[in-house]
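# Overview (structure and organization)
Here is how the chains run, residue by residue.
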Amino acid sequence: MTPTLRSGTAAAVMSSKGGVGKSTISLGLAETIACETPLTVLLIDADPQGSLTAMMDLENDTPRTDRITLVSLLSAALNPSEAAAMEYLIASGVGAGGSDIDDAGRLDILPVGTGLIELERQLTRSGRDADLLRAVRHLLDALRETYDLILVDCSPGLYLSTESWLQACDYQLAPIKADKISLSALDLVLDFRRACPGGTLSSWLGIVVNSYQENDAANAILGKLQTFTDLKMFSTIVPATMALQRLAIHHGDRRSYHAKYPGASGEALRQLSKEFLARMTARSASALTMTRVSQA
Ligand SMILES: Nc1ncnc2c1ncn2[C@@H]1O[C@H](COP(=O)(O)OP(=O)(O)OP(=O)(O)O)[C@@H](O)[C@H]1O
Ligand SMILES: [Mg+2]
């Protein structure tokens, strides 16, 4: 891979359907890109559920308990008098590693921390919704100075913070499963994007079919998705594999990239990473004009 990505590029991995592989694809892409390219990568867990934080065992493992979290950074970014604190926290090493791959030296993972929903609620109650978007932008801009690529693992719910990431990031990548329910959920994302103020959303990078198991029904849905050229489906299809399913189980020992992503899992992720970087490098993403998938 020889990417010439604009430094500080940020992509939100988001789709409104739960359990389609947003966290799996985020982690797989981040670790693959960190291992296969010279790019410095930050992976942000922006989901209050903290799946990625749990997958990487970052929530309660000493000495990681005093780790910087997304909530602590956002709290600092929300308070103008703490701007220096945010800069200091970032300079002191945001995610400081976090991967259990022994050769993923240029990857940092930022755990979510506790209290993201409460933070959102407080802001909404006091009519400060716009402040969260400002804080996310402010934080992201500071992080862009430090990393070549920032991946944001978003929550499935259309929370205020998810909307903020979708507005602040450059691109949106939407994992999807090749099943009927996922198609309906894709419509929700399209509705959501349409309802957002024009011109302020991240560019649509495309959908990536994940957890694919070949059968007639899944093949038919794949065929249908391919006909919607606006969706920009990635040609890489990520198969359902044991190795990818096991990402949810933290592996205590450090291991090589190939041990973590053997065979078809690693092949798919390396191919997807190439496509992902190529699309962002070409800045080929564009506005999404289509409105409906499930009833077409
Ligand atoms: N390609 C795959 N092969 C096998 N299992 C997979 C694959 N992708 C994801 N999974 C499994 O599917 C489940 C959901 O994946 P994941 O947590 O990544 O989805 P998500 O979209 O982030 O979920 P949420 O909406 O809750 O954030 C997990 O148990 C994960 O291990
Ligand atoms: Mg997730």
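I will try to describe carefully the structure that is included in this document. Sequence order as written defines the numbering, with residues in each chain counted from 1. Whichever chain is written first is A, and whichever ligand is written first is 1; the rest continue in order. The model is predicted, so local features are restricted to residues of pLDDT at least 70 and side-chain atom pairs to those at 80 or more, both for listing and for counting; the totals for chains, interfaces and linings are taken over all residues.

Let us look at helix H6 (residues 129–144). One turn of the α-helix equals 3.6 residues, which is why residues spaced by three or four share an orientation. Only runs of H or I of at least four residues qualify as helices and only runs of E of at least two qualify as strands under DSSP, and these elements are numbered from the N terminus. Helix span is expected to be 1.5 Å times the residue number reduced by one. Taking 1.5 Å per residue as the helical rise, H6 with its 16 residues ought to reach 22 Å, and the 23 Å between its terminal C-alpha atoms agrees with that figure. Whether a residue is buried, exposed or partly exposed follows from its count of other C-beta atoms within 10 Å of its own C-beta, namely 20 or more, 12 or fewer, or something in between, respectively; the C-beta atoms are built from the backbone. All buried positions along H6 are accounted for by Leu132, Ala135, Val136, Leu139, Leu140 and Leu143. The buried residues of H6 occupy an angular sector of 125° when projected down its axis, which confines them to one face. Taking the helix axis as origin, the arc is that swept by the directions to the C-beta atoms.

Turning our attention to the sheet that holds strand S6 (residues 203–210). Across a sheet, paired strands are connected by hydrogen bonds in the backbone, their directions being either parallel or antiparallel. Taken together, the six strands give an open sheet; going across it, the order is S3-S2-S4-S1-S5-S6, and neighbouring strands pair in parallel fashion. Both edges of this open sheet fall to strand S3 (107–110) and S6, since each of them pairs with a single strand only. Adjacent strand axes in the sheet meet at a mean angle of 20°, parallel and antiparallel pairs treated alike. Against the sheet, helix H12 (residues 263–282) touches strand S1 (9–13), strand S5 (171–177) and S6, its axis set at about 170° to S6. Criterion used throughout: strands pair if DSSP finds at least two bridges between them. Fitted lines through C-alpha atoms serve as axes, helices being fitted only where they are in contact, and the angles separating the N-to-C directions of these axes extend from 0 to 180 degrees. Two residues form a contact once the distance between their C-beta atoms, set from the backbone, is within 7 Å.

For the rest of this paragraph, the subject is the site of ligand 1. We call a residue near a molecule or strand when the C-beta position, derived from backbone atoms, sits within 6 Å of it. Close to ligand 1 lie 20 residues; Gly18, Lys22, Ser23, Thr24 and Gln245 are nearest. Contributions of two or more residues to the shell around ligand 1 are made by helix H1 (22–36) and helix H10 (242–245). The leading source of residues in the shell around ligand 1 is H1, at three residues. Polar here means any residue outside two lists: the nonpolar Ala, Val, Leu, Ile, Met, Phe, Trp, Tyr, Cys and Pro, and the charged Asp, Glu, Lys and Arg; Gly therefore counts as polar. Considering only residue class, the shell around ligand 1 consists of seven nonpolar, eleven polar and two charged.

Now for the environment of leucine 247. Along the chain, the position of leucine 247 falls in the loop between H10 and helix H11 (257–260). Classification of leucine 247 by C-beta neighbours within 10 Å gives buried; the count is 22. Separated by 191 residues in sequence, leucine 247 and methionine 56 have C-alpha atoms that sit 8.6 Å apart.

To continue, consider the pairing of S1. Burial of S1 is extensive: five of the five residues sit out of reach of the surface. Neither face of S1 is exposed, since Thr9, Ala11 and Val13 on one face and Ala10 and Ala12 on the opposite face are all buried. As paired strands, S1 and S5 are joined by three bridges and run parallel to one another. Counterpart to valine 13 in the pairing with S5 is leucine 173.

Right, let's get into unusual backbone geometry. Even without glycine at this site, serine 211 takes up a positive phi of about 60°. Structurally, the position occupied by serine 211 is in the loop between S6 and helix H9 (216–227). Its 23 C-beta neighbours within 10 Å are what place serine 211 among the buried residues. One non-glycine residue with positive phi stands out, namely lysine 232, at about 50°. Counting through the fold element by element, lysine 232 comes out in the loop between H9 and H10.

On to the packing of helix H3 (residues 70–78) against H6. Following both chains from N to C, one finds H3 and H6 inclined at 110°, their axes separated by 9 Å at the closest point. Taken as axis vectors, H3 and H6 run roughly perpendicular relative to one another. Remark: the crossing between H3 and H6 carries right-handed chirality. Seen from H3, the contacting residues are Leu73, Leu74, Ala77 and Leu78; seen from H6, they are Asp131, Ala135, His138 and Leu139. Along the lines of polarity and charge, the residues of the contact of H3 with H6 split into six nonpolar, one polar and one charged. Here the word oblique covers every angle except those under 35 degrees (roughly parallel), over 145 (roughly antiparallel) and from 65 to 115 (roughly perpendicular). Left-handed is the label given to a crossing in which the near helix is rotated counterclockwise from the far helix by less than a right angle, and right-handed is the label when the rotation is clockwise.

What follows deals with the environment of leucine 132. Here leucine 132 lies in helix H6. On the basis of neighbour counts, which here come to 21 C-beta atoms within 10 Å, the residue leucine 132 falls in the buried class. Residues leucine 132 and serine 75, spaced 57 residues apart in sequence, show a C-alpha to C-alpha distance of 9.4 Å. Leave out the neighbours within four places in its chain, and leucine 132 touches Glu120, Leu123, Leu160, Ser161 and Ser164.

Let us look at the packing of helix H4 (residues 83–91) against H6. Contact pair H4 / H6: the axes reach a minimum separation of 11 Å and the direction vectors enclose 40°. By the criterion of interaxial angle, the relationship of H4 to H6 is oblique. Viewed along their axes, H4 and H6 form a crossing whose handedness is right-handed. Contacts between H4 and H6 involve Met86, Glu87 and Ile90 from the first element and Leu139, Ala142 and Leu143 from the second. Split by residue class, the contact of H4 with H6 holds five nonpolar, no polar and one charged.

In short, geometric facts, not functional conclusions.
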